[in-house]
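Residues per chain, in single letters:
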Amino acid sequence: MNLKKYLPNREQIAEIPALSSLRHLLLEPNLWHMNRYSLSFGFLIGGICCFLPIFFQTVPCVLLCVWIRCNVPLAVLVVWISNPITFGPMMYFSYRVGLWILGNEQEITLLNPSLEWFIDQLSIIWQPLIVGSLACGIAFGMAGFIVIQLYYRWRISRYKLRKLDSRRRSESDAVEP
């Protein structure tokens, strides 16, 4: 599947007037190339930022991609796994993972859903939520990183085998006259 035809190219990004001050950063070739380094680190950063318990996770994701010089479109696509529909279940899962890592068994009480109740509950759940979010983000990002690295190794080995097979056929055809 060729994703390049669905993604904007560098020139289209450079023509957006709102991004004119960032043009020199956004035209960095590695931010848009589809190579092993750029894609694997893009997935890693997108996976970590996907589980951050904040809104607008795309902003730190893009800033990290520009800093590390990895694929921005893939990282943003991975961050968008966390959307308004999936954000709640992802954060609850992260919270449960954080409780498991910290060895706690706290439960949220549903007594009075008000601003005071929310602030009280937030003071209780912030630590397991942060720990679980980082753990889930790193695990998800590393899984994608490893899959992309293995995929590229498989593609390269397949290419080398085809090239070697082609060379052997051409040598055997030259010997058999």
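Residues numbered from 1 in each chain as written. Predicted model: local features only at pLDDT ≥ 70, side-chain atom pairs only at ≥ 80, totals over all residues. Heavy atoms only, no water.

1. Regarding the overall build of the protein chain
The helix and strand tally for the protein chain stands at seven helices and zero strands. For the protein chain, the proportion of contacts with a sequence separation of at least 24, taken over those separated by at least 6, is 67%. A total accessible area of about 12200 Å² is found for the protein chain, and carbon and sulfur atoms account for 68% of it. (Helix = DSSP H or I, 4+ residues; strand = E, 2+ residues; numbered from the N terminus. Contact = heavy atoms within 4.5 Å. Areas by Shrake-Rupley, 256 points an atom, 1.4 Å probe, with all protein chains shown as cover.)

2. Details of unusual backbone geometry
Despite not being glycine, phenylalanine 56 shows a phi value in the positive range, around 60°. Of note, phenylalanine 56 is situated in the loop between helix H3 (36-50) and helix H4 (58-68). Despite not being glycine, arginine 69 has its phi angle at roughly 65°, a positive value.

3. As for the side chain of glutamine 149
Note on placement: glutamine 149 falls in helix H7 (residues 115-175). Of note is the side chain of glutamine 149, whose polar atom sits 3.3 Å from the side chain of arginine 36. (Polar contact = N/O pair within 3.5 Å; in protein donor to acceptor, adjacent residues only side chain to side chain.)

4. Considering H3
In a regular helix each residue adds 1.5 Å, so 15 residues correspond to 21 Å; H3 covers 21 Å between its end C-alpha atoms and thus fits that length. By the criterion of burial, H3 is predominantly enclosed, with 11 of the 15 residues buried. Those residues of H3 not exposed but buried are Ser38, Leu39, Ser40, Gly42, Phe43, Leu44, Ile45, Gly46, Gly47, Cys49 and Cys50. (Expected span 1.5 Å × (residues − 1). Buried < 20%, exposed > 50% of the residue type's maximum accessible area, 1.4 Å probe, protein only.)

5. What about the packing of H3 against H4?
Their axes nearest at 10 Å, the elements H3 and H4 cross at an angle of 150°. The angle between the axes of H3 and H4 places the two elements in the roughly antiparallel class. Pair H3 / H4 crosses with right-handed handedness. Within the contact between the two elements, H3 uses Tyr37, Ile45, Gly46 and Cys49 and H4 uses Pro60, Cys61, Leu64, Cys65 and Ile68. Residue composition of the contact of H3 with H4, grouped by class: eight nonpolar, one polar and no charged. (Axes fitted to C-alpha atoms, helices over the stretch in contact; angles between N-to-C directions. Parallel < 35°, antiparallel > 145°, perpendicular 65-115°, else oblique. Left-handed = near helix turned anticlockwise from the far one by under 90°. Nonpolar A, V, L, I, M, F, W, Y, C, P; charged D, E, K, R; others polar.)

6. Here's the deal with the nonpolar core
By size, the foremost hydrophobic cluster in this structure holds 13 residues, and its most contacted members are Leu31, Ile45, Cys49, Cys61, Cys65 and Val72. Only H3, H4 and helix H5 (72-79) provide two or more residues apiece to this core. Non-local contacts of isoleucine 45, meaning those with residues more than four positions away in its chain, are made with Cys61, Leu64, Cys65, Ile68 and Cys70. Counting residues in hydrophobic clusters, the runner-up holds 11 residues, among them Cys50, Phe51, Met90 and Val97. (Core = buried A, V, L, I, M, F, W, Y, C linked by side-chain atoms within 4.5 Å.)

7. Observations regarding H5
With respect to burial, H5 is a largely interior element, seven of its eight residues being buried. Every buried residue belonging to H5 is among Val72, Pro73, Leu74, Ala75, Val76, Val78 and Val79, and all of these are buried. You can read the cap of H5 off the contacts: a side-chain oxygen lies 2.9 Å from the backbone nitrogen of leucine 74, and it is on asparagine 71.

8. Examining the confidence of the model for the protein chain
Detailed reading of the predicted model is not advised wherever pLDDT is low. In this model, the protein chain carries an average pLDDT of 81, and 82% of its residues clear a pLDDT of 70 or more. Helix H2 (residues 23-26) is the least confidently modelled element of the protein chain, averaging 67 in pLDDT, while H3 averages 90, the highest of any element. (pLDDT = per-residue confidence, 0-100.)

9. Things to note about a nonpolar patch on the surface
A surface patch of nonpolar side chains, about 660 Å² in accessible area, is lined by Trp126, Ile130, Leu134, Ile138, Met142, Ile146 and Leu150. Locating leucine 134 in the fold gives a position in helix H7. Using a relative accessible area of 41% as the deciding quantity, one classes leucine 134 as partly exposed. (Patch = residues over 30% accessible without salt bridge, like charges linked within 9 Å, V, L, I, M, F, W, Y side chains within 5 Å. Salt bridge = Lys/Arg side-chain N within 4 Å of Asp/Glu carboxyl O.)

10. Quick notes on the environment of tryptophan 100
Structurally, tryptophan 100 is set in helix H6 (residues 87-102). Look at tryptophan 100 and you get exposed, because its relative accessible area is 71%. Note: C-alpha distance between tryptophan 100 and proline 128 (28 residues apart in sequence) is 8.4 Å.

11. Considering the side chain of serine 133
Within the secondary structure, serine 133 sits in helix H7. Here serine 133 falls in the buried class, since its relative accessible area comes to 3%. Setting aside anything within four residues of it in sequence, one finds serine 133 in contact with Phe51, Pro53, Met91 and Ser94.

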